[in-house]
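Structure assessment
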Amino acid sequence: SKIDTRDLQYWEDDQVPYPGPAAFEENQSPVFFGRDTEIKTICEMLCRITTHSSTFFLLHGAAGSGKTSLVRAGVIPQLKADRKRNWNVLGPFSPGLFLLEDIKEALALVLATLQEPFPLAKSERNEVELLRQLDWLASKEKRPVVVVIDQLESLLEEGDLRSEEHTSELQSPCNLVCRLLLEKK
């Protein structure tokens, strides 16, 4: 595929077109090319699965194969440019002790832009409240919501990342992601 020269008007003169061993980021999408087939396939799959109830989608591949660049510089910009479906894209987030808080903060920014406030519930578990907010946002706005968690496999490799400061079961990232997946219908 070709570089879209219209996007290059936002390209910094001192910016190099290749990030080296680091992943491409969303702002580098004008020079990210060669993965159009994969981007199209992933976006089509997301379109199909988001027409049903909330769903988990895992992009899996060998280490170093460019999954992060594909998602950050390919899929996310494509979803954001999709005027027909008008996606709400939250993230990308990286696993860590504050994953839940990071997602909630990004979601709060989106919810703050709406004219109708989210109906607050009585002291539900954090992850249940987060699920309710995500479902409410998708149904209220009639727009699919995508939460991008990059390097999710690190939760499984590193195991439970609890520290003495964060001993709550709800604040364990591995438990959070497992609960989010299990509690979705």
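As the structure is a prediction and not an experimental result, all values here were calculated from the model. Position numbers for residues start from 1 in each chain and track the written sequence from start to end. Per-residue local features are limited, in this predicted model, to residues with pLDDT of at least 70; the limit for side-chain atom pairs, both in listing and counting, is 80 or more; totals at the level of whole chains, interfaces and linings are taken over all residues. The side-chain figures draw on all heavy atoms in the structure; neither hydrogens nor water molecules are used.

**Digging into the overall build of the protein chain**
As a reminder of what qualifies: Note on conventions: DSSP H or I runs of at least 4 residues are helices, E runs of at least 2 residues are strands, and numbering of each starts at the N terminus. Accessibility here uses a 1.4 Å probe with only protein chains present; expressed as a share of the type maximum, an area under 20% marks a residue as buried, one over 50% as exposed, and anything in between as partly exposed. Should any heavy atoms of two residues lie within 4.5 Å, those residues are counted as being in contact.
When its secondary structure is counted, the protein chain shows six helices and two strands. Starting at the N terminus and walking to the C terminus, you meet the elements of the protein chain as α-α-β-α-α-β-α-α. Residues classed as buried in the protein chain amount to 33% of the 185 residues present. Taking the intrachain contacts of the protein chain between residues at least 6 apart in sequence as the baseline, contacts between residues at least 24 apart amount to 63%.

**Digging into the pattern of salt bridges**
Selection criterion: A pairing counts as a salt bridge when a side-chain nitrogen of Lys or Arg comes within 4 Å of a carboxyl oxygen of Asp or Glu.
In this structure the tally under the stated criterion is six salt bridges. Note that glutamate 25 is salt-bridged to arginine 72, the shortest N-O span being 3.0 Å. Of this pair, glutamate 25 sits in the segment before helix H1 (36-50) while arginine 72 is found in helix H2 (residues 67-81), placing the two residues 47 residues apart along the sequence. With relative accessibility at 33%, the residue glutamate 25 sits in the partly exposed group. A network of salt bridges, in which partner residues are shared, links Glu25, Arg72 and Asp150.

**What to know about the nonpolar core**
Applied cut-off: Within this scheme, the nonpolar core is defined by two criteria: the residues are buried Ala, Val, Leu, Ile, Met, Phe, Trp, Tyr or Cys, and they are joined through side-chain atoms within 4.5 Å.
In terms of nonpolar packing, the biggest core is built from 17 residues, with Leu46, Val75, Leu79, Trp87, Val89 and Val148 touching the most fellow members. Broken down by secondary-structure element, the contributors of at least two residues to this core are H1, H2 and strand S2 (145-149). Among the elements that take part in this core, H2 stands out by supplying six residues, more than any other. In contact with valine 89, not counting residues within four places along its chain, are Ile76, Leu79, Lys80, Val146 and Val148.

**A closer look at the packing of helix H3 (residues 99-112) against helix H4 (residues 126-141)**
Condition: Helix axes use the C-alpha atoms of the stretch in contact, all axes being lines fitted to C-alpha atoms, and the angles between their N-to-C directions lie in the range 0 to 180 degrees. Each crossing gets its handedness from the near helix: less than a right angle anticlockwise from the far helix is left-handed, clockwise is right-handed. For this scheme, ten residues count as nonpolar: Ala, Val, Leu, Ile, Met, Phe, Trp, Tyr, Cys and Pro. Four count as charged, namely Asp, Glu, Lys and Arg, and the remainder, Gly too, count as polar.
The contact between H3 and H4 brings their axes to 11 Å, and the two run at 30 degrees. Relative to H4, H3 is oriented so that their crossing is left-handed. Taking contact as the criterion, the partners of Leu100, Ile103, Lys104, Leu107, Val110 and Leu111 in H3 are, on H4, Asn126, Leu130, Gln133, Leu134, Trp136 and Leu137. Counted by class, the contact of H3 with H4 contains nine nonpolar, two polar and one charged residues.

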